[in-house]
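Observations on the model geometry
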Amino acid sequence: MAIPASRPNLNWRERAFLPAIVSGLFITWRHFVRYIFGRTKVTIQYPEQTRDADLPDYYRGTPALVKDEQGRIRCVACQLCEFICPPRAIKILPGEIPTDDRFAKVEKYPEEFDIDMIRCIYCGMCEEVCPEQAIFLRKDYVVTGFTREEMVHRKDKLLEIGGVMHGVVLKWNDKK
Amino acid sequence: MPNETTSPPQSVNVQIDGVWHQFPKGTRVIEACEQAGKYVPRYCYHKKLSSPGNCRMCLIEMGMPKMGPDRKPELGGDGKPTINWMPRPQICCAQDVSEGMGVRTTSPLVEECRRGVMEFLLINHPLDCPICDQAGECRLQEFSVEYGNQGSRFLENKVKKPKNVELGPRVTLDDERCILCSRCIRFCQEIAHDDVLGFIDRGSHTVLTAHPGKRLENNYSLNTVDICPVGALTSTDFRFKMRVWFLKETKSFCTSCATGCNTLIGSREDVIHRQTPRENNDVNSSWMCDYGRLKFKYVDSDRRLLEPRVLQNDKLTATDWKRAIANVALQLKHFGGWNIAIIASGRMTNEEMWLTSRIAKSLGTQWIDIVPHRGPGDDILLSEDRNPNTNGAKLLGLTSEPGAMIPKMVEAIKSGSLRALVVLCENPLELGLTADELRNLPAFITMSISQNESTDLSTAVLPSSAFAEKRGSMINGDGRLQRLNRAVRPPGNARDDWEILRDLLQALTDSNGVYTIDDVFRQMSEAIPQLAGLSLTKVGDLGLQLVNIDESPAPPRAPKEDDIELAEAKRPPGR
């Protein structure tokens, strides 16, 4: 079924288009002049200047592992992020926490945790799926390296980026 | 309509969710519901074990036909008996079907019961699914999706119980996760005949434990891990290794003894992580022994042979397959049949044995036998014969009595009358031969999975595949033809055994018309009457019982006459 579109009724000035073209050119000219005199800044001098302070809260940078206030690596190697990761960037080798450890009751931890940052697409699914609030997309976005090997973030690197996360649920604390 | 004329005497009419079905007498109601497509959730019920009815998850509404004053069922408008529903729910796992019984599996009362049972079970259950190995195949997880509450109304402290308890050398117990279904206890009593598990204490504090001073260390202990509906019993070997949802499950069977228990091989990215039994009521019911279950580590060993190697300048040098096969064929062609011996293995598949026997024919040697492997058996599953395919070797004419010829062979090698030795998947050093005697052999060819002392002494080494890396068939101790499927790829340049033997046969006889493993099976089925009309596909997942397997070894069809003539013609005259 054809739907009749409502068209605006143009007067003769609007139908001529010339006034609109002239006013458009005027705006362009105004920007040009401002730019010439340095009053408009289109770019910033990255990397000397950055906009890190202005990044929104929902910004998705590199994924990283976090520790909680007690210094425990939150990850328990459940491998759900490895499962959900669309580009298969994550690789985890689970291990058992020794019985004399402070956090022995958690039983399981990641022996190795690799994220291949060449593969990572910053989708944030790992953060979303994590049942332990252990992996978060941080605001770091500078991931560089000369070799493929350097582009793989190992557990140490991920923990370094992640740092300490405050305000997460400490569910293993009052675990029976 | 239920009466003797419409239903056979041994079956009864049962109404399940409004539909009338017929079941044989003695069927459990829970099984009847499952057969009718109405799966009833259960924890404690296992069809191979007795029914204690202690989890209460399988509560259903049940009714019996309404009897008139004449003690005959009253019939409703549809000509079927009217059902008198019992006011309270019943468990369906410990109840047999009876004539005119009515069952409701989806009524509001039943759903409410299931939700109630789930809430009780989850009161003390820890919320540690992220670290629990059962996650992904956990009944409690599955049913709490269907009947669980979002939150817990339980405000009190959860009961503390022992965690990480070593029940035995292969089983670890987490008592907090246990839902007291008693499946493991019943398994140990009824199947393993080793009554070591039991519950102690009362109420919420009931814990599963081994008898003081005893351990769960029988050879069937890991089956308790399989039947545990939750993550209470975990395999110490598989614990924390891999999440189950990553595992690719390949239908196969265990090759550790002649029983051939049907298995699922759980592998991920060419690494085998576990083996679990697969139900086959003609072979292993639902169980398998720990000995066979854990015997897969050698597949991923560091000693695996990765490249074919041939002796060059007194050194085993890696080469490609084409050169290796040509080299082996050349080595063998130097000798007459009376100089060559073949030590085959009862661990080879039928296809490999068939090609081996053809190679033996084309070489003209009578010196061929398999090595017997025996160990203590039991009357549950484990067989004394640790060769998975002794029957195949007999049927395909490799041997009439396994190992009978081996001592003579060893003697002939020691005396120097046997000058070429082909060893397939065995270690001749275990047969009484010394390293020097092997070193002095002009031709000593081994096909092996992993490196051992004898492969280092060979003049040619052909790396082959383990049971999980190839397709093929074997005949178990009861004469059942079963099929192996490939779960993982062989490492490096190792190849399927049958391909190696096919190429070797081709190098010895020019052409053999074998391109796929199905071709090999076709040749076998044409030659062996017991295999007539079969193919690898027809073997199926559960195998096929062969008839007349106990008859004296069927004379294998001789290779085509021209094959032998061709081989004879090609042999150098001065052999």
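Treat the numbers as computed from the prediction; the structure is a model and nothing was measured.

1. As for the overall build of chain A
Along its length, chain A carries five helices and five strands. Along chain A, helices (α) and strands (β) appear in the sequence α-α-β-α-β-β-α-β-β-α when read from the amino end. The C-alpha atoms of chain A give a radius of gyration of 26 Å, which is well past the 16 Å a tight globule of 176 residues would have. Based on the C-alpha atoms only, the size of chain A along its principal axes is roughly 85 × 55 × 35 Å. The proportion of buried residues among the 176 residues of chain A is 23%. Intrachain contacts of chain A at a sequence separation of at least 6 include 71% that bridge at least 24 residues.

2. Digging into the overall build of chain B
The number of helices and strands found in chain B is 15 helices and 24 strands. Summarising its shape, the C-alpha atoms of chain B cover approximately 100 × 60 × 35 Å along the three principal directions. Across the 575 residues that make up chain B, the buried fraction comes to 47%. A separation of at least 24 residues holds for 66% of the contacts in chain B among residues at least 6 apart in sequence.

3. Brief notes about unusual backbone geometry
Omega for the bond connecting A:Tyr46 with A:Pro47 falls within 30 degrees of zero, at 5 degrees, which places this linkage in the cis form. With respect to the secondary-structure elements, A:Pro47 resides in the loop between α2 (18-36) and β1 (63-65). Positive phi values are uncommon outside glycine, yet B:Arg56 reaches one of about 65 degrees.

4. Regarding the nonpolar core
If you look at the biggest cluster of nonpolar residues, it comprises 141 residues, and the most contacted ones within it are B:Cys58, B:Cys92, B:Ala344 and B:Leu421. If we skip the residues at most four places from it in the chain, B:Leu421 touches B:Ala341, B:Ile343, B:Ile413, B:Pro428, B:Leu441 and B:Phe444.

5. Some thoughts on the interface of chain A and chain B
Listed by partner, the interface residues are 14 residues for chain A and ten residues for chain B. For the side of chain A that touches chain B, the leading source of residues is strand β2 (residues 90-96) of chain A, giving three residues. Tallied by class, residues from the side of chain A that touches chain B come to six nonpolar, two polar and six charged.

6. Some remarks on the domain arrangement of chain B
Residue and element names in this part refer to chain B. Domain boundaries in chain B define domain 1 (11-106), domain 2 (157-300) and domain 3 (309-570). Contacts between the two partners involve 30 residues from domain 2, matched on the other side by 29 residues from domain 3. Contributions of two or more residues to the side of domain 2 that touches domain 3 are made by β12 (248-253), β13 (262-268) and β14 (271-277). In terms of residue count, the dominant contributor to the side of domain 2 that touches domain 3 is β12 (four residues). Each residue belonging to the side of domain 2 that touches domain 3 can be placed in one class, and the counts come to 16 nonpolar, eleven polar and three charged.

7. Some remarks on the environment of B:Val145
By the element assignment, B:Val145 lies in helix α3 (residues 139-147). Expressed as a C-alpha distance, the spacing of B:Val145 and B:Gly231, which sit 86 residues apart in the sequence, is 17 Å.

8. Observations regarding the pairing of strand β9 (residues 197-200) of chain B
The pairing of β9(B) with strand β10 (residues 207-210) of chain B spans four bridges and is antiparallel. Bridge pairing in β10(B) links B:Phe199 to B:Leu208.

9. Digging into the sheet that holds strand β16 (residues 315-318) of chain B
Strands belonging to one sheet form pairs held by backbone hydrogen bonds; the direction of such a pair is parallel or antiparallel. All names here are of chain B. Here seven strands make up an open sheet; going across it, the order is β16-β15-β21-β20-β19-β17-β18 and the pairing mixed. The open sheet terminates on both sides in strands that have one partner only, identified here as β16 and β18 (367-371). Sheet twist, expressed as the average angle between the axes of neighbouring strands with direction ignored, equals 20 degrees. Direction of pairing for strand β17 (residues 340-345) relative to β18: parallel, over a ladder of five bridges. Its bridge partner lying in β18, Ala344 is registered against Ile370. Lying on the sheet, helix α10 (residues 406-415) is in contact with β17, β18 and β19 (420-424); it crosses β18 at an angle near 125 degrees.

10. Details of the confidence of the model for chain B
Residues and elements named next belong to chain B. Summing up the model confidence of chain B, the mean pLDDT is 89 and the portion of residues at 70 or higher is 94%. Below a pLDDT of 50 lies the segment residues 552-575, which in the model reaches 35 contacts outside its immediate sequence neighbourhood of four places, other chains included. Among the scores for the predicted complex, ipTM is 0.80 and pTM is 0.85.

11. A word on the sheet that holds strand β24 (residues 544-545) of chain B
Residues and elements named next belong to chain B. If you trace the three strands from one edge of the open sheet to the other, you get β22-β23-β24, paired in antiparallel fashion. Since the sheet does not close on itself, it has two edges, and those belong to β22 (472-475) and β24, each with one partner. The pairing of β22 with strand β23 (residues 480-484) spans four bridges and is antiparallel. Bridge pairing in β23 places Ser473 opposite Arg483.

12. Some remarks on α2(A)
All names here are of chain A. Taking 1.5 Å per residue as the helical rise, α2 with its 19 residues ought to reach 27 Å, and the 27 Å between its terminal C-alpha atoms agrees with that figure. Counting buried positions along α2 yields zero of 19 residues, so the element is predominantly exposed. At the C-terminal side of α2, Gly38 shows a positive phi close to 75 degrees.

13. Looking at helix α8 (residues 350-363) of chain B
For α8(B), with 14 residues, the first-to-last C-alpha span of 20 Å sits near the 20 Å given by 1.5 Å per residue. Directly after α8(B), the chain includes B:Gly364, whose backbone phi takes a positive value near 75 degrees.

14. A few points about the pairing of β18(B)
Within β18(B), five of the five residues are buried, which leaves it mostly tucked inside the rest of the structure. Crossover connection from β17(B) via α8(B) to parallel β18(B): handedness right-handed.

15. Notes on the packing of helix α2 (residues 108-123) of chain B against α3(B)
Residues and elements named next belong to chain B. Packing of α2 against α3 brings their axes to within 10 Å, and their N-to-C directions diverge by 130 degrees. In this view, α2 runs oblique relative to α3, as classed from their interaxial angle. Seen along the crossing, α2 lies across α3 with a hand that is left-handed. Residue-level inspection shows Arg114, Arg115, Met118, Leu121 and Leu122 of α2 in contact with α3, the latter providing Leu140, Phe143, Ser144 and Tyr147. Looking at the contact of α2 with α3 residue by residue, the class counts come to six nonpolar, one polar and two charged.

16. Focus on the environment of B:Arg274
Residues and elements named next belong to chain B. Tracing the backbone shows Arg274 in strand β14. On the basis of neighbour count, Arg274 is assigned to the buried category, with 22 C-beta atoms found within 10 Å. When the C-alpha atoms of Arg274 and Arg293 are compared, they prove to be 7.7 Å apart, with 19 residues separating the residues in sequence. Those residues within four positions of Arg274 in sequence are excluded, and the remaining contacts are Phe238 and Gly266.

17. A look at the packing of helix α7 (residues 321-333) of chain B against helix α12 (residues 497-509) of chain B
Residues and elements named next belong to chain B. The geometry of α7 relative to α12 is characterised by a closest axis approach of 9 Å and an angle of 50 degrees between their N-to-C directions. Accordingly, the angle class assigned to the pair α7 and α12 is oblique. Two packed elements cross with a definite hand, and for α7 against α12 that hand is right-handed. Counting all contacts with α7, which are made through Ile325, Ala326, Val328, Ala329 and Leu332, the residues of α12 involved are Asp503, Leu504, Ala507 and Leu508.

What counts, and at which threshold
- As a convention, each chain's residues are numbered from 1 in the sequence order in which they are written.
- As a convention, the first chain written is A and the first ligand written is 1, with the rest following in written order.
- Selection of residues for local features in this predicted model requires a pLDDT of at least 70, selection of side-chain atom pairs for listing and counting requires 80 or more, and totals for whole chains, interfaces and linings are taken over all residues.
- Each helix is a run of H or I in the DSSP string that is no shorter than four residues. Each strand is a run of E no shorter than two, and both are numbered from the N terminus.
- Atoms considered for the radius of gyration are the C-alpha atoms alone. The globule rule reads 2.2 Å times the number of residues to the power 0.38.
- Here exposure depends only on C-beta density: within 10 Å of a residue's C-beta, 20 or more other C-beta atoms make it buried, 12 or fewer make it exposed, and intermediate numbers make it partly exposed, the C-beta atoms being placed from the backbone.
- For the purpose of contact definition, each residue receives a C-beta atom placed from its backbone, and two residues are in contact when these atoms lie within 7 Å.
- For our purposes the nonpolar core covers buried Ala, Val, Leu, Ile, Met, Phe, Trp, Tyr and Cys residues that link as a set through C-beta atoms within 7 Å.
- Three categories are distinguished: nonpolar for Ala, Val, Leu, Ile, Met, Phe, Trp, Tyr, Cys and Pro, charged for Asp, Glu, Lys and Arg, and polar for the others, with Gly belonging to the last.
- Domain delimitation in this document rests on an assignment produced automatically or drawn from a domain database.
- We treat two strands as partners when DSSP finds at least two bridges between them.
- Only the contacting stretch of a helix is used when fitting its axis, a line to C-alpha atoms as for every element, and angles between N-to-C directions run 0 to 180 degrees.
- pLDDT: the predictor's confidence for each residue, scored from 0 to 100.
- Multiplying one less than the number of residues by 1.5 Å gives the expected span of a helix.
- Consider the strands pointing away from the viewer: the crossover is right-handed when the path from the first strand over the helix to the second runs clockwise.
- Here roughly perpendicular refers to angles of 65 to 115 degrees, roughly parallel to angles under 35, roughly antiparallel to angles over 145, and oblique to all remaining angles.
- By definition, any crossing whose near helix is turned counterclockwise from its far helix by less than a right angle is left-handed, and any crossing with a clockwise turn is right-handed.

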